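Chain by chain, the residues run as shown.
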Amino acid sequence: VQLVESGGGLVQPGGSLRLSCAASGFTFSSYEMSWYRQAPGKERELVATITSVGYITSYLDSVKGRFTISRDNAKNTVYLQMNSLKPEDTAVYYCKAVRVRTSIYYWGQGTQVTVSS
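Residues numbered from 1 in each chain as written. Predicted model: local features only at pLDDT ≥ 70, side-chain atom pairs only at ≥ 80, totals over all residues. Heavy atoms only, no water.

Trainee: Any chance you could explain the pairing of strand β4 (residues 32-38) here in plain terms?
Mentor: On any regular strand, side chains alternate: one points to one face of the sheet, the next to the other face. Summarising burial for β4: 5 of the 7 residues are buried, a large majority. The pairing of β4 with strand β5 (residues 45-50) spans 5 bridges and is classified as antiparallel. Looking at β5, one finds that Ser 34 is bridged to Thr 49. Where β4 folds back onto β5 in an antiparallel hairpin, the turn is made up of 6 residues, including Gly 41, whose phi is positive at roughly 75 degrees. (Buried < 20%, exposed > 50% of the residue type's maximum accessible area, 1.4 Å probe, protein only. Helix = DSSP H or I, 4+ residues; strand = E, 2+ residues; numbered from the N terminus. Pairing = 2+ DSSP bridges.)

Trainee: Would you mind showing me how to read the packing of aromatic side chains here?
Mentor: Here the structure, examined in full by the defined rule, presents 5 aromatic pairs. Of the aromatic side chains, those joined through ring pairs into one cluster are Phe 26, Tyr 31 and Tyr 106. The cationic tip of Arg 44 hangs over the ring face of Tyr 94; the distance from NZ or CZ to the ring centre is 3.7 Å. Across the ring face of Trp 107, the terminal group of Arg 44 is positioned such that the distance to the ring centre comes to 4.6 Å. (Phe/Tyr/Trp six-rings, centres within 6.5 Å; stacked < 30°, edge-to-face > 60°. Lys NZ or Arg CZ within 6 Å of the ring centre and 35° of its normal.)

Trainee: I tried to follow the sheet that holds strand β7 (residues 67-72) on my own but got confused; where do I start?
Mentor: Either a parallel or an antiparallel arrangement is found when strands of a sheet pair, and the pairing is made through backbone hydrogen bonds. If you trace the 4 strands from one edge of the open sheet to the other, you get β1-β3-β8-β7, paired in antiparallel fashion. Two strands close off the open sheet at either side, each with one partner strand: β1 (2-6) and β7. The mean angle between the axes of side-by-side strands here comes to 15 degrees, regardless of whether they run parallel or antiparallel. Across 5 bridges, the pairing between β1 and strand β3 (residues 17-24) is antiparallel. Counted as the bridge partner of Glu 5 is Cys 21 from β3. (Axes fitted to C-alpha atoms, helices over the stretch in contact; angles between N-to-C directions.)

Trainee: Hey, could you run me through the state of the cysteines in this one?
Mentor: Simply put, disulfide is the name for a covalent bond between the sulfur atoms of two cysteines. Tallying each qualifying case throughout the model produces 1 disulfide. In this model, Cys 21 is linked to Cys 95 through a disulfide, with the two sulfur atoms separated by 1.9 Å. Handedness of the Cys 21-Cys 95 disulfide follows from its S-S torsion of about 40 degrees: it is right-handed. Here the residue Cys 21 occupies a position in strand β3, and Cys 95 occupies one in strand β9 (residues 91-98), the gap between them amounting to 74 residues. In this structure, Cys 21 and Cys 95 share a single accessibility class: buried. (Disulfide = S-S within 2.5 Å.)

What follows is the structure, encoded as structure tokens:
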């Protein structure tokens, strides 16, 4: 099983990034997918989730209207489009796959996002 994030980097405030998380080794379409982030000295927090059925999305209040989560089951990939980035969005971003109603979940290794001028 692998979850491989990519797309992180350094961006100026107000800029955009698109993160990708490529999955392998499990039935991607059956898993709820989420993005989390962890800033230095802070706990990991849930940023966005997309369900496996109906593609229902939910977001952390502070990113609503700026971030969009999406998935492509044909490519086994989940995305996080991040617009109007702020310095407080700086963190390591992780994707997580959860098989709903089970104890099965997987984490990616994370990708660094730095928002700074």
